[in-house]
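Each chain, letter by letter, is given below.
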Amino acid sequence: HKNWLENLIRPIIEKNVVAVGGKILTRKENNILSEFSDFIKALREPVRNQKGEIIIIITANAAFSKKAFNSINGFDSRFSASGGEDLDLTYRLSEAGYSNRFFYEPNAILEHVHRSDLINFLKQQFNYGFWDMYHFILRKRDPKVLEVSLPTPINILVYVKNSFLYSIGLISTIPENYGLLKKYILFPSISFIRKLAVMFGGIKCYYFYPPKPANE
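Rules behind the numbers
- Residues numbered from 1 in each chain as written.
- Predicted model: local features only at pLDDT ≥ 70, side-chain atom pairs only at ≥ 80, totals over all residues.
- Heavy atoms only, no water.
- Helix = DSSP H or I, 4+ residues; strand = E, 2+ residues; numbered from the N terminus.
- Expected span 1.5 Å × (residues − 1).
- Bend = angle between axes of the 7 residues up to and from the residue.
- Phe/Tyr/Trp six-rings, centres within 6.5 Å; stacked < 30°, edge-to-face > 60°.
- Buried < 20%, exposed > 50% of the residue type's maximum accessible area, 1.4 Å probe, protein only.
- Contact = heavy atoms within 4.5 Å.
- Polar contact = N/O pair within 3.5 Å; in protein donor to acceptor, adjacent residues only side chain to side chain.
- 1 Å grid on protein atoms, 1.4 Å probe; cavity = no way out; pocket = protein on both sides within 12 Å on 5 of 7 lines; lining within 4 Å.
- Points joined across faces, edges and corners; volume = space filled by probe spheres on them.
- Nonpolar A, V, L, I, M, F, W, Y, C, P; charged D, E, K, R; others polar.

Some points on helix 7 (residues 180–208)
Logical step 1: Taking 1.5 Å per residue, 29 residues should reach 42 Å; helix 7 reaches 41 Å between its end C-alpha atoms and fits that length.
Logical step 2: Its maximal kink placed at Leu 186, helix 7 deviates by approximately 35°, while the proline Pro 188 follows within four residues.

Concerning the packing of aromatic side chains
Logical step 1: Summed over the entire model, instances satisfying the criterion amount to 13 aromatic pairs.
Logical step 2: The interplanar angle of 40° and the centroid separation of 5.8 Å between the aromatic rings of Phe 64 and Phe 69 together place this pair among those described as tilted.
Logical step 3: Each ring, one from Trp 131 and one from Tyr 134, has its centre 4.9 Å from the other, and the planes form 55°; the classification is tilted. Placement of both Trp 131 and Tyr 134 in helix 5 (residues 118–138) is noted, with a separation of 3 residues, approximately one turn of the helix.
Logical step 4: Looking at Tyr 134, the relative accessible area reads 11%, which means it is buried.
Logical step 5: Three or more aromatic residues joined by ring pairs form one cluster here, namely Phe 79, Phe 130, Trp 131, Tyr 134 and Tyr 209.

Details of helix 2 (residues 32–39)
The α-helix winds at 3.6 residues per turn, so residues separated by three or four positions along the chain end up facing the same way.
Logical step 1: Where helix 2 is concerned, the buried positions are Leu 33, Ser 34, Phe 36, Ser 37 and Phe 39.
Logical step 2: Turning to helix 2, the residues buried within the fold contact strand 1 (19–26), helix 5 and helix 7.
Logical step 3: At the N-terminal end of helix 2, a side-chain oxygen is found 3.2 Å from the backbone nitrogen of Leu 33, two or three residues along, and the residue is Asn 31.
Logical step 4: After helix 2 finishes, the residue Lys 41 shows a positive phi value of roughly 60°.

Some words on the side chain of Asn 7
Logical step 1: Looking at the element boundaries, Asn 7 is found in helix 1 (residues 4–14).
Logical step 2: Among the residues examined, Asn 7 registers a relative accessible area of 11% and is labelled buried.
Logical step 3: Once you skip the residues sitting within four places of it in the chain, Asn 7 turns out to touch Lys 2, Glu 105, Asn 107 and Ala 108.

Digging into the layout of surface pockets
Logical step 1: Roughly 180 Å³ of volume is contained in the second largest pocket.
Logical step 2: Lining the second largest pocket are 13 residues, and of these Ile 54, Ile 55, Ser 94, Ser 99 and Arg 141 sit closest to its centre.
Logical step 3: When residues of the lining of the second largest pocket are traced back to their parent elements, those giving at least two are strand 3 (54–56) and helix 4 (85–98).
Logical step 4: Counting residues per element, the lining of the second largest pocket draws most heavily on helix 4, at 5 residues.
Logical step 5: A breakdown of the residues in the lining of the second largest pocket according to their chemical character gives 6 nonpolar, 4 polar and 3 charged.

Considering unusual backbone geometry
Logical step 1: The phi angle at Asn 3 is positive, at roughly 60°, despite the residue not being glycine.
Logical step 2: Examined against the element boundaries, Asn 3 turns out to sit in the segment before helix 1.
Logical step 3: Given the relative accessible area of 40%, Asn 3 is considered partly exposed.

Worth remembering: the numbers are spatial, not functional.
Pasting the structure below:
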C-alpha cells in the first residue's frame, strides 16, 4: 500500500519508539480459509493485554530500532519454525526496558497471503501452539498472559469445551452475506479445529519436547 515503508519507520524516528507494528490485511483470494482469516482479522494488528499494552508485535509487518534489536541479539534461533518468535522477541524487548516504547501504526498497511489449504493451515496453527508453549517454558512465564493455561488433563478438557462454545458463538457475529453454509457450518468448524490444532501443538511441546529454561 502507498507509503507503507515510510509510515512504518516514521514513528521510530519521530516518536522515539523501538518497535512499530503495522496493519496487516488479508490478500483477497477465492478460498474459504482466506475468507475465514479475514473475518477473524488474523494477524491484523499487534496483540494487546487487558490493559491495552502491546505484548506481541506481529513481525509480518514491523520495524525495529537497530540499537534495541541488536541489544537483545535479535530473534532467538531456537525458534526454528514460524510461531512464537514474535511473542519471544517482544517479551525480550520488554525485559530489556523497552516495554513502553512499542507502537501501532495503522497507516503502514500491507497484505498477507494466508494458508489456503487445510493441511498447511492446521500445521501453521499447530506450530503456533507448539512455539508459544516453547516460549513460556523457556522464559518461565505464565501462559495466562495470552489467556491460555498449561495443558494439564483438566485444562485440556476446559479448553476443548471453551473452544467449542466460542466457535458456536461465532455464528451470531457472522453477517448473513457470507452465506448460510459459511455462517452455520464452515466458519464455526474451521474455528474449532483451528483451536484444537493450537492445543495439540502446545501438548506436544509441553509433554514431549520442552526446552530447558533459559537460565539453566
